[in-house]
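# Examination of the molecular architecture
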Amino acid sequence: MPPTAGHDIRLSYLWEDDGSGDPDFMTASPDDSDNKPFGSDARLTTREGSNNAVRTFDPNSREAREIIEQEFEGSWSVEFTLTNPWWVKGVIADASSSGTDPTTHTYDGAVPFPMRLIEGNESTGNEYELKGCVIASCTVQVSVGGTVDVTLDGAYADEEQVVTDDVASLTAQPTVEYRPLHFAQATVERPTGTTLSLVQNVNMSIENNTDLLRGLGSRFATAYSPKARTTDVSYGDIVEDDSEMKRMYGDSAASSPEDKVDNETSISLVVDNGETGSAKNSLQFDLTKNITDTYSRSGAGDVESDLEGELSEMTASVSATADNDTATAR
């Protein structure tokens, strides 16, 4: 048997839910049976289980007498090019769907859902389930000349081999249903509805600060607890005027930093394929009460470079809306 290559791996996920719209962490058999792809070019870049082993010592010896296991702890990360919005349920909350041609899916809530990652190996015929996967952090980034790239990082509670030496029984690789999205289909709006010009890159991060919870009697997590959700967005542009610097000052008419910076505004990261009706595929993140944290410039005096600026904004809250031809969010 030849060594396993990356292309031998199948990757999909299911939501851990009880069928009533509520998350159901670590269910024996999730109600969801719709295996979903993350997006185009999906890669499981981290998959690590740890027994958190510790050495125990006795008096009169400098070497361990025994090594014992403690809590089981798994970590995972996935990177992919944006095509569909379904993964947002694990970052923000479940979606409500309305309308047709296109249908609008609104993600706005406090409780992100856990998922179950399915990893099948066509080379060995083995398949594993990573159970109780929570998304601790999410990054969406795009630069001129590139695709819209998403990174999800998180933890998982347990894992199990569910298929052994049987390629025919592996979960099929689900089809990516939408075309990959790229920089020419992405814009930054500030405030929402007003598109900024000559933006060269944008990076939005959402931190869920999710903990896996354990109790006495088991070394495996049995619940999850999202803590403070913090969202930040930074974007760089080619400098046309001093408006971005004035934003950092706190007032469009200011000549130096204000005593009180109170020019908060809404910001939206919009990715839209430009189609209409049932052909439309868009995902928009709406960020509220944004205040500039830092502003920097680069390229001053360099005859080979444009003068570029970068604003980093802190956000109070985040929600998302997606428009596409799917009647109910998956």
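In case you missed it, the structure is sitting above this.
Let me sum up the structure you'll find in this document.

Criteria and thresholds
- Residues numbered from 1 in each chain as written.
- Predicted model: local features only at pLDDT ≥ 70, side-chain atom pairs only at ≥ 80, totals over all residues.
- Heavy atoms only, no water.
- Helix = DSSP H or I, 4+ residues; strand = E, 2+ residues; numbered from the N terminus.
- Buried < 20%, exposed > 50% of the residue type's maximum accessible area, 1.4 Å probe, protein only.
- Contact = heavy atoms within 4.5 Å.
- Polar contact = N/O pair within 3.5 Å; in protein donor to acceptor, adjacent residues only side chain to side chain.
- 1 Å grid on protein atoms, 1.4 Å probe; cavity = no way out; pocket = protein on both sides within 12 Å on 5 of 7 lines; lining within 4 Å.
- Points joined across faces, edges and corners; volume = space filled by probe spheres on them.
- Nonpolar A, V, L, I, M, F, W, Y, C, P; charged D, E, K, R; others polar.
- Patch = residues over 30% accessible without salt bridge, like charges linked within 9 Å, V, L, I, M, F, W, Y side chains within 5 Å.
- Areas by Shrake-Rupley, 256 points an atom, 1.4 Å probe, with all protein chains shown as cover.
- Salt bridge = Lys/Arg side-chain N within 4 Å of Asp/Glu carboxyl O.
- Lys, Arg positive; Asp, Glu negative; His and termini not counted.
- Charge placed at Lys NZ, Arg CZ, Asp CG, Glu CD.
- Pairing = 2+ DSSP bridges.
- Phe/Tyr/Trp six-rings, centres within 6.5 Å; stacked < 30°, edge-to-face > 60°.
- Core = buried A, V, L, I, M, F, W, Y, C linked by side-chain atoms within 4.5 Å.

Of regular secondary structure, the protein possesses one helix and 20 strands. Projecting the C-alpha coordinates of the protein onto the three principal axes gives extents of approximately 70 × 65 × 45 Å. In the protein, buried positions account for 42% of the 330 residues. When contacts within the protein are restricted to residue pairs at least 6 apart in sequence, those whose partners lie at least 24 apart make up 68%.

Attention now moves to the side chain of Thr83. Among the secondary structure elements, Thr83 is positioned in the loop between strand 5 (73-81) and strand 6 (95-98). Using a relative accessible area of 1% as the deciding quantity, one classes Thr83 as buried. Side chain to side chain, Thr83 and Asn84 meet in a polar contact 3.5 Å long. Not counting residues within four places of it along the chain, the set of residues in contact with Thr83 comprises Phe38, Gly39, Ser40, Val176, Tyr178, Arg179, Pro180, Leu181 and Asn281.

It is worth spelling out the environment of Val148 at this point. In this structure, Val148 sits in the loop between strand 9 (126-143) and strand 10 (149-156). Between the C-alpha atom of Val148 and that of Gln185, which follows or precedes it by 37 residues, the distance is 8.9 Å.

What follows concerns the layout of surface pockets. Using a probe with the size of a water molecule, rolled over the atoms, empty space left in the structure can be pinpointed. What the largest pocket holds in volume is close to 190 Å³. Lining the largest pocket are 16 residues; nearest its centre among them are Phe183, Ala186, Thr187, Val199 and Gln200. It is strand 13 (residues 199-207) that provides the largest number of residues to the lining of the largest pocket, a total of four residues. Residue classes in the lining of the largest pocket are distributed as ten nonpolar, six polar and no charged.

Looking now at a negative patch on the surface. A cluster of like negative charges, contributed by Asp251, Glu258, Asp259, Asp262 and Glu264, occupies part of the molecular surface. Tracing the chain through its elements places Glu258 in the loop between helix 1 (243-249) and strand 17 (265-272). With relative accessibility at 36%, the residue Glu258 sits in the partly exposed group.

Our focus in this paragraph is the pairing of strand 10. Pairing of strand 5 with strand 10 involves eight bridges; the strand directions are antiparallel. Looking across to strand 10, one finds that Glu79 is bridged to Thr151. Two elements, strand 9 and strand 10, share seven bridges in a ladder whose sense is antiparallel. From the neighbouring strand, Thr139 faces strand 10, where its bridge partner is Thr151.

Opposite charge on two side chains permits them to pair, given that their charged atoms come into close proximity. With the rule as written, the count across this model stands at 18 salt bridges. Among the salt bridges present, the one from Arg10 reaches Glu122, with a minimum N-O distance of 2.8 Å. With Arg10 in strand 1 (residues 9-15) and Glu122 in the loop between strand 8 (115-121) and strand 9, the pair connects residues that are 112 residues apart, well separated along the chain. Between Glu119 and Arg47 there is a salt bridge whose closest N-O contact spans 2.5 Å. Here Arg47 lies in strand 2 (residues 40-50) and Glu119 lies in strand 8, a separation of 72 residues in the sequence. In this structure Arg47 comes out as partly exposed when scored by relative accessible area, which is 31%. Here the residues in one salt-bridge network are Glu16, Arg116 and Glu129, joined through shared partners.

Here the focus is the packing of aromatic side chains. Here a ring pair, both rings aromatic, is described through the centre-centre distance and the interplanar angle of the planes. In total, this model carries eight aromatic pairs according to the counting rule given. On the basis of an interplanar angle of 35° and a centroid distance of 5.4 Å, the ring pair of Phe25 and Tyr224 is categorised as tilted. Of this pair, Phe25 sits in the loop between strand 1 and strand 2 while Tyr224 sits in strand 15 (residues 223-226), and the two are 199 residues apart along the sequence. Seen in terms of ring centroids, Phe38 and Phe80 are 5.7 Å apart; in terms of plane orientation they differ by 35°. Their pairing is tilted. With Phe38 in the loop between strand 1 and strand 2 and Phe80 in strand 5, the pair connects residues that are 42 residues apart, well separated along the chain. Here the two residues Phe38 and Phe80 agree in accessibility, since each one is buried.

Of note, Ala53 is situated in the loop between strand 2 and strand 3 (54-56). Taking the C-alpha atoms as reference points, Ala53 and Glu69, 16 residues apart in sequence, are found 4.4 Å from one another.

Here we take up unusual backbone geometry. Here Asp101 and Pro102 are connected by a cis peptide whose omega angle stands at 0°. Secondary-structure assignment places Pro102 in the loop between strand 6 and strand 7 (103-107). In the segment running from Arg190 into Pro191, the intervening peptide bond is cis, with an omega of -10°. Even without a glycine there, the phi angle at Asp165 is positive, about 55°. Looking at the element boundaries, Asp165 is found in the loop between strand 11 (158-163) and strand 12 (186-189).

What follows deals with the nonpolar core. Within the largest apolar cluster, 53 residues are counted, with the highest numbers of intra-cluster contacts made by Trp87, Leu152 and Phe285. Per-element tally for this core: the top contributor is strand 9, with six residues. Excluding anything up to four places from it in sequence, Trp87 contacts Tyr13, Trp15, Phe38, Phe80, Leu82, Ile135, Cys138, Val140, Val150, Leu152, Leu283 and Phe285. Within the second largest apolar cluster, six residues are counted, among which are Phe25, Ala157, Ala221 and Tyr224.

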